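Structural overview for review
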Amino acid sequence: MPPSKTEPVLIIGAGVFGLSTAHKLATSGYTDITVLEKDDRIPSRFSGGYDLNKIIRSEYIDPFYTQHALNAIRQWQTNPLYQPYFRQVGFLNVVTGEANEVVRNALAKYNKSVAENPAFDGYLVPCPDADHIRRVAPQFTGALPGWKGYLNGLAGYAQSSNAMGACFKACEQLGVKFKLGADGDVAELLYQPGTKVCVGARTKSGAVYKASRTIIAAGGFVANVLPSIAEQVTAICWGVSHIQLTPEESEQMRGMPVTTVRDIGFFFEPDPATHKVKICYMGGGYTHTAQNNGKSIPYNSLAESAYIPAEDVKQTRRMLRMAVPHIAERPLIDTHLCWVADTDNSDYIIDFVPESDSSLVVLSGDSGHGFKMMPIFGDFVQDLLDANTQKLARWRWREVKRDAAGTGKQISWRASAIVDLDSTPRAKL
Ligand SMILES: Cc1cc2nc3c(=O)[nH]c(=O)nc-3n(C[C@H](O)[C@H](O)[C@H](O)COP(=O)(O)OP(=O)(O)OC[C@H]3O[C@@H](n4cnc5c(N)ncnc54)[C@H](O)[C@@H]3O)c2cc1C
């Protein structure tokens, strides 16, 4: 039987997955939705989506995600809620001359995946050397040593915090209730005595929210709310930094494609409002292993996440020197760690928690590629609720034991190992 749309629904986390789900359920007639969020504002500064921008691309080695990403891009192009935040500047996917074989192979697979898909006909520009890259990215003034790859014009980026803010406002207009700060920071789930049937949650302020359906969308923090998921999800982060340009400098770089240098990182055209260039060193990602239980969870406070490792600075400058040397030595500002919930094979987890009698849903395992799906992610959740089961095996809750080598074993794009933050020096900026 389909779920009753008047049942109280509780969503824990107003990040990308939580907001998208709230919006979808509210537009499809659910009348009693409450969203709990630990930050005292939305867009939440704890969200992995809290950023100037995120890449919106559909390159996936796995055609399953390519198709979903294409569907999402159509929404970014046309849905009035999201369209104002989308910039279709293209996605330049390249390697440097120093890239190792794993990275070069990954690029070749991405290239093949789009070249063989008719959806990209007319959008792809091969870039076999630096001269070809300069034709599609004339903003680059550097030598681009050994750079090669391709441009995909059916891609770009979204102003992610702004898009989340717009979705939040739309949810409020649809009658979704939001509880923020201590009143929204979930301390524990509540269960029917002696069972795993969830009846709601208690927040740090002591407030109790009862619901017949509780949906956890807590990003990298998920294991704090649902410890049993830690066997299949690890909180990992990457460092994000910015360079402040003048309005004139910003204008000179306008229209630059989002550039992913697969063996180093990625950077964006300057933000039109703030004139900041956002940069991210990709590496393998970092964990923060809690002393008490050996699980990786994000730092609890924003202040603790407000830095990047020294390696990130080194690699960021290395990448910029090759492409835009005139800004490569500028101060790196607004540095922070950005957290996600990572699974061994990068598949999402969108499922009922076992033995919860469909009372508890978890939306997790974004694995660093969830933002682009924001316009359609709520559809995935509605499908789950309507079917009362996860029909797609790949998105099911899984009883996986992590291998001794740690995470990332099955990920073909990951060029380097995941590093614990405690074992790597911090940047002194
Ligand atoms: C550096 C970096 C770059 C990325 N780039 C891209 C990209 O280019 N393209 C792309 O598609 N994706 C990208 N992502 C991934 C994207 O940001 C995530 O996939 C997305 O944010 C996942 O959404 P989520 O809702 O699961 O988690 P989040 O967006 O992190 O939201 C989780 C929310 O839960 C709240 N919360 C946590 N615990 C509690 C609690 N106890 N009580 C109440 N609320 C709680 C948090 O405050 C937060 O608001 C990137 C991520 C990082 C870190």
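In what follows, the accompanying structure is described. Treat the numbers as computed from the prediction; the structure is a model and nothing was measured. Every chain begins its residue count from 1, and numbering advances along the sequence as written. This being a predicted model, a pLDDT of at least 70 is required before a residue's local features are given, and a value of 80 or more before pairs of side-chain atoms are given or counted; all residues contribute to the totals for chains, interfaces and linings. No hydrogens and no water enter the side-chain calculation; it runs on all heavy atoms of the structure.

Any residue with a non-hydrogen atom lying within 4 Å of a molecule or strand is treated as near it. For the ligand, the set of nearby residues contains 36 residues, the closest of which are Glu37, Ser47, Ile55, Cys338 and Asp366. Any pair of N or O atoms that falls within 3.5 Å is considered a polar contact. Within protein, one atom must be able to donate a hydrogen and the other to accept it, and sequence-neighbouring residues count only if both atoms are side-chain atoms. The contact in question runs from an oxygen atom of the ligand to an N or O atom on the side chain of Glu37, over 2.6 Å. The separation between an oxygen atom of the ligand and a polar main-chain atom of Gly49 is 3.3 Å. Calculation on the ligand without its partners gives an accessible area of 990 Å², and the protein chains cover 97% of this total. Secondary-structure elements contributing two or more residues to the shell around the ligand are helix H1 (16-27), strand S2 (33-37), strand S3 (54-56), strand S14 (234-244) and strand S19 (333-342). In the shell around the ligand, the residues fall into 19 nonpolar, 11 polar and 6 charged. Each of two domains, domain 1 (1-53 + 159-233 + 344-398) and domain 2 (87-154 + 234-342 + 408-429), supplies a minimum of three residues to the shell around the ligand. Using the Shrake-Rupley algorithm and a 1.4 Å probe, accessible areas are obtained, with residue cover drawn only from the displayed protein chains. Think of it this way: any DSSP run of H or I at least four residues long counts as a helix, any run of E at least two long counts as a strand, and we number them from the N terminus. Ten residue types, Ala, Val, Leu, Ile, Met, Phe, Trp, Tyr, Cys and Pro, are classed as nonpolar, four, Asp, Glu, Lys and Arg, as charged, and the remainder, Gly among them, as polar. Domain start and stop positions are those given by an automatic or database domain assignment.

Moving on: the pattern of salt bridges. The salt bridge criterion pairs a side-chain nitrogen of Lys or Arg with a carboxyl oxygen of Asp or Glu, the two atoms within 4 Å. For the structure shown, the criterion picks out 24 salt bridges. Here Glu311 makes a salt bridge to Lys314, at a shortest N to O gap of 3.8 Å. Pair noted here: Glu311 and Lys314 are both in helix H8 (residues 310-323), with a separation of 3 residues, about one helical turn. Working definition: with a 1.4 Å probe on protein chains only, accessible area under 20% of the residue-type maximum means buried, over 50% means exposed, and in between means partly exposed. Using a relative accessible area of 54% as the deciding quantity, one classes Lys314 as exposed. Overlapping salt bridges, with partners in common, bring together Asp39, Asp40, Arg41 and Arg45 in one network.

One open sheet holds the 3 strands; their spatial order is S3-S8-S4, and the pairing between them is antiparallel. Every other strand in the sheet has two partners, leaving S3 and strand S4 (86-87) as the edge strands with one partner each. Any two strands are treated as partners once DSSP identifies two or more bridges connecting them. In this sheet, strand S8 (residues 156-158) lies alongside S3 in antiparallel orientation, the contact comprising 3 bridges. Across the sheet, Ile56 pairs through a bridge with Gly156, a residue of S8.

Take the packing of aromatic side chains next. The geometry of an aromatic ring pair is captured by the separation of the ring centres together with the interplanar angle, meaning the angle of the planes. Stacked, edge-to-face and tilted are the three classes for Phe, Tyr and Trp ring pairs, Trp counted by its six-membered ring, which pair at centre distances within 6.5 Å; planes under 30 degrees apart are stacked, over 60 edge-to-face, the rest tilted. For the coordinates displayed, the defined rule picks out 22 aromatic pairs. Look at Tyr157 and Phe268: their rings are 5.8 Å apart centre to centre, the planes differ by 90°, and that puts the pair in the edge-to-face class. Here the residue Tyr157 occupies a position in strand S8, and Phe268 occupies one in the loop between strand S16 (265-267) and strand S17 (276-281), the gap between them amounting to 111 residues. Judged on exposure class, the residue Tyr157 and its partner Phe268 are both buried. An aromatic cluster of three or more residues is present, and its members are Phe17, Tyr60, Phe64, Tyr65, Tyr348, Phe377, Phe380 and Trp395. In this structure, Arg394 packs its charged tip against the face of Phe64, placed 3.9 Å from the ring centre. Geometrically, a lysine NZ or arginine CZ counts as sitting over a ring once it is within 6 Å of the ring centre and also within 35 degrees of the ring normal.

Turning our eyes to something else, we now look at the state of the cysteines. Cysteine sulfur pairs qualify as disulfides if the two atoms are within 2.5 Å. Applying the stated rule across the entire model yields 0 disulfides. Cys167 takes part in no disulfide bond, and the closest cysteine sulfur, belonging to Cys171, lies 4.3 Å away.

Okay, the pairing of S17 next. Regular strands have side chains that alternate between both faces of the sheet. In terms of burial, S17 is largely enclosed, as 6 of its 6 residues are buried. Alternating positions in S17 separate into two faces, Lys276, Lys278 and Cys280 on one and Val277, Ile279 and Tyr281 on the other, with burial throughout. One ladder, built from 5 bridges, connects S14 with S17; its direction is antiparallel. When the sheet's bridge partners are listed, Ile243 is paired in S17 with Val277. Here S16 pairs with S17 via 3 bridges, running antiparallel. Residue Phe267 lies in a different strand from S17, and its bridge partner there is Ile279.

Purely geometric numbers; function is a separate question.
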